[in-house]
Amino acid sequence: MQTLKSLLSPLSGNSNPIQDTLKLVVIGGTVETARRASVSAWNGFIDSFFLTAHFSQEDYPYDWLMHWLSKQPAWGRSREFDITTRSVSRHGLTQKTTGDLEDENEDEEESGEFSQGGGRKRKVAIVPSMDTMHTIYYRGHWLRITRTKRFQDYGSCAELKISVVARNNDILKRLVLEAKREYEKDAEHRVHIFMADTTYGCWRWNGARQKRPMSSIVLEPGVKDMILADCKDFLASEDWYAERGIPFRRGYLLHGVPGSGKTSLIHSLAGELGLDIYVVSLSSKGMSDNTLTTLMGNVPSRCILLLEDLDAAFTRGISRDETSTGAPTGSSSTSSSSSKGKDKEDSDGSTLSLSGLLNSLDGVAAAEGRLLFATTNHIERLDPALSRPGRMDVWVNFKHATKWQAEGIFKCFFPARSSTPAATNAPPTTGAPSTPATAATTKHPADATSAANLAESKRKRAAHSIPLLSEEEISDLARRFADAIPENELSVAALQGYLLRNKTRPRECVDEVAAWIISEREMREKLKKEKEEREAKEKKEAEDKAKKEKEEADAKEKEEKAAKEKADKKEARVKGKRSALREASKTPAAAAPPESGASTPAESTSDASATEASAEGTTSSESENTSGADADTEESITSEEESDKAEKAAQTLESAADAPAGKEKWVAVKVDGPADAAPSV
């Protein structure tokens, strides 16, 4: 009772304020501590019954679960959500929840997904907010789902946390497997592309591309089937390689002219085999031996590793013709020296060596189980160690389009209308077609399988704009089109570009192909002529620049030579004057001593002049000896004055020498002030 009264004493008026304040602080701290302890104990008690799984955005299960959650009704009925128009997931799959906002008139329009201007209509999506707990009922269990975002050095990374009350984690395993199956079912029409990040030495997802059917790739008979069969056989022979101690790796070298379908074949193979594509740019800035080794070591066991333009791996060239070596071309005469220094600085970003590339392909740390595809336009430039078997096991040469390819490409662009409904359900034959005509009516099993994996809705929309002709008419048009195409002159890319411009005009396409070929030849001749003129102009500019630099160097050399000769002449003249002064100063000392007696005024004057000249010469010599550098600097200014003084002194000495010896008299000379001052007698 006394304790209660002491606690309630602050409420009464007869108490000490300081004591009451301290009591309130103690009471508040005790209550808050008890509250936090109880909440922590309760949360720990509840969490002890929960199983929690964490998923990071950097791994595949995160995408599986996000795709699965987007299809759950409870996910769209969240009490706290974000409104966004970016409804495409990280791997290209459209995430559409049950709570998304849709326009009622979209279903009535024939092309409701596109606006009148041709752009895709933006759909409003509802996405549950970050850092908020959401509850979903799944297979008799309540799931607590929370999305968070974690910031890293190279950007943000989302995380997903799922908690469930269960005895074991079987319910979470079933959830992940179900999400994986649904994701793979919806993603079977796409090929995922990953690019090498040389800054952090890791792989970055670059997008998802629609699969390309093998029937759209028209190569020489047997080439496509050979490559596809070899890839399938390799992927199924892992145990065979292990039993014989052979590294489980396979390399394919696709070489030939540009635009012949090398990259398109790789894209089609990835879709047919269900593999992702990992692209490495060997000439990218920051690529080094260590970075490439790290990237190769992190490649998955089942994928396609693509090295494009292998002949330009160690250069930064912009030209890939027959005469180009892949090295960067020289800058024009109008470019400044600062831009040259900047280009040189940029070109030093890649430090990859051939030895590092070879070790990363089949070294000890190289990944196994991947299909390596390398493309090049000039196989003769590759080092033999890079293209040898073991690194590049299969070589495929791609040439310009033949008549057989032209006919097959035409039939791919303009499908024939089936004559009978039963023809669409007829099973494909297993024999390989010998001509494009039979290939149109009898498809290869691989082509039929790849065509079945395409998105059906997009094919139906495209079919509405293309007129469907009969099989006989399409065959006749394809034959005429192939006859007009010259053998091994035009690339497959050129034919595809022409057919794309006429994708809704099959008859006009065949009628105008001859004129198009003529225009293509004229264009190539024009481009060739312009290239020759440009090269001649650049060569002439380089020669003129070299000639001008040589003339400037010769003129500068002549000027330096003339200046040197002038300086030598001036130095010789000064030395001659100095020697004359020295001789003049030594002449009076060699004369005989004068006789005693009185002297006449004339003789005194002559002796004084000689003494004055000697004094001036001696003073000048001492000054030259003590002030070497200063005297040399002032030589050009005082040369005329010294010449006059030297002549005057010489005349005086000659007059003194010619005088009779008996008449010579001694004269006392007193010099006050500088040497050039007037003497006093």
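See the structure printed just above.
Let me begin by describing the structure that accompanies this report.

1. Thoughts on helix H6 (residues 223-235)
Taking 1.5 Å of rise per residue, the 13 residues of H6 would be expected to cover 18 Å, and the 19 Å separating its terminal C-alpha atoms lies within 8% of that figure. If you check which residues of H6 are buried, you get Lys224, Ile227, Leu228, Asp230, Cys231, Phe234 and Leu235. With its buried residues spanning 160 degrees around the axis, H6 presents them on a single face.

2. What to know about the sheet that holds strand S10 (residues 276-280)
Across the sheet, which stays open at both edges, the seven strands sit in the order S8-S7-S10-S11-S12-S9-S13 with mixed pairing between neighbours. Here the strands that pair on one side only, and so sit at the sheet edges, are strand S8 (202-210) and strand S13 (394-398). Going from strand to strand, the sheet's axes swing by 25 degrees on average, the running direction of each strand aside. The sheet contact formed by S10 and strand S11 (residues 303-307) spans five bridges and is parallel. Its bridge partner being in S11, Asp276 is matched across the sheet by Cys303.

3. Notes on the packing of aromatic side chains
Enumeration according to the criterion identifies 15 aromatic pairs in this entry. Summarising the aromatic geometry, the rings of Tyr498 and Trp516 are spaced 4.6 Å apart at their centres and angled 25 degrees between planes, so their arrangement reads as stacked. Of this pair, Tyr498 sits in helix H18 (residues 492-501) while Trp516 sits in helix H20 (residues 513-590), and the two are 18 residues apart along the sequence. Of the two residues examined, Tyr498 and Trp516, each falls in the buried class. In this arrangement the basic side chain of Arg144 is found over the ring face of Phe50, its NZ or CZ atom lying 4.1 Å from the centre. Above the face of the Trp64 ring, Lys180 is positioned so that its terminal group lies 5.7 Å from the ring centre.

4. Looking at the pattern of salt bridges
Applying the stated criterion across every chain, the model contains 21 salt bridges. Between Arg302 and Glu238 there is a salt bridge; the shortest N-O distance is 3.6 Å. Taken together, the residues span a long stretch of sequence, with Arg302 in the loop between helix H9 (289-297) and S11 and Glu238 in helix H7 (residues 238-243) at a distance of 64 residues. Taking relative accessible area as the criterion, Glu238 reaches 41% and is therefore assigned partly exposed. Ionic pairing is found between Arg249 and Glu368, a salt bridge with its closest N-O pair at 3.9 Å. Remark: Glu368 occurs in the loop between helix H11 (354-362) and strand S12 (371-376) and Arg249 occurs in the loop between H7 and strand S9 (250-256); sequence separation between them is 119 residues.

5. Let's talk about a nonpolar patch on the surface
Together, Trp42, Phe45, Phe49 and Val165 make up a nonpolar patch on the protein surface, roughly 430 Å² of accessible area in all. With respect to the element layout, Trp42 can be found in helix H2 (residues 17-47).

Rules used in this analysis
- Residues numbered from 1 in each chain as written.
- Predicted model: local features only at pLDDT ≥ 70, side-chain atom pairs only at ≥ 80, totals over all residues.
- Heavy atoms only, no water.
- Helix = DSSP H or I, 4+ residues; strand = E, 2+ residues; numbered from the N terminus.
- Expected span 1.5 Å × (residues − 1).
- Buried < 20%, exposed > 50% of the residue type's maximum accessible area, 1.4 Å probe, protein only.
- Arc of directions from axis to C-beta.
- Pairing = 2+ DSSP bridges.
- Axes fitted to C-alpha atoms, helices over the stretch in contact; angles between N-to-C directions.
- Phe/Tyr/Trp six-rings, centres within 6.5 Å; stacked < 30°, edge-to-face > 60°.
- Lys NZ or Arg CZ within 6 Å of the ring centre and 35° of its normal.
- Salt bridge = Lys/Arg side-chain N within 4 Å of Asp/Glu carboxyl O.
- Patch = residues over 30% accessible without salt bridge, like charges linked within 9 Å, V, L, I, M, F, W, Y side chains within 5 Å.
- Areas by Shrake-Rupley, 256 points an atom, 1.4 Å probe, with all protein chains shown as cover.

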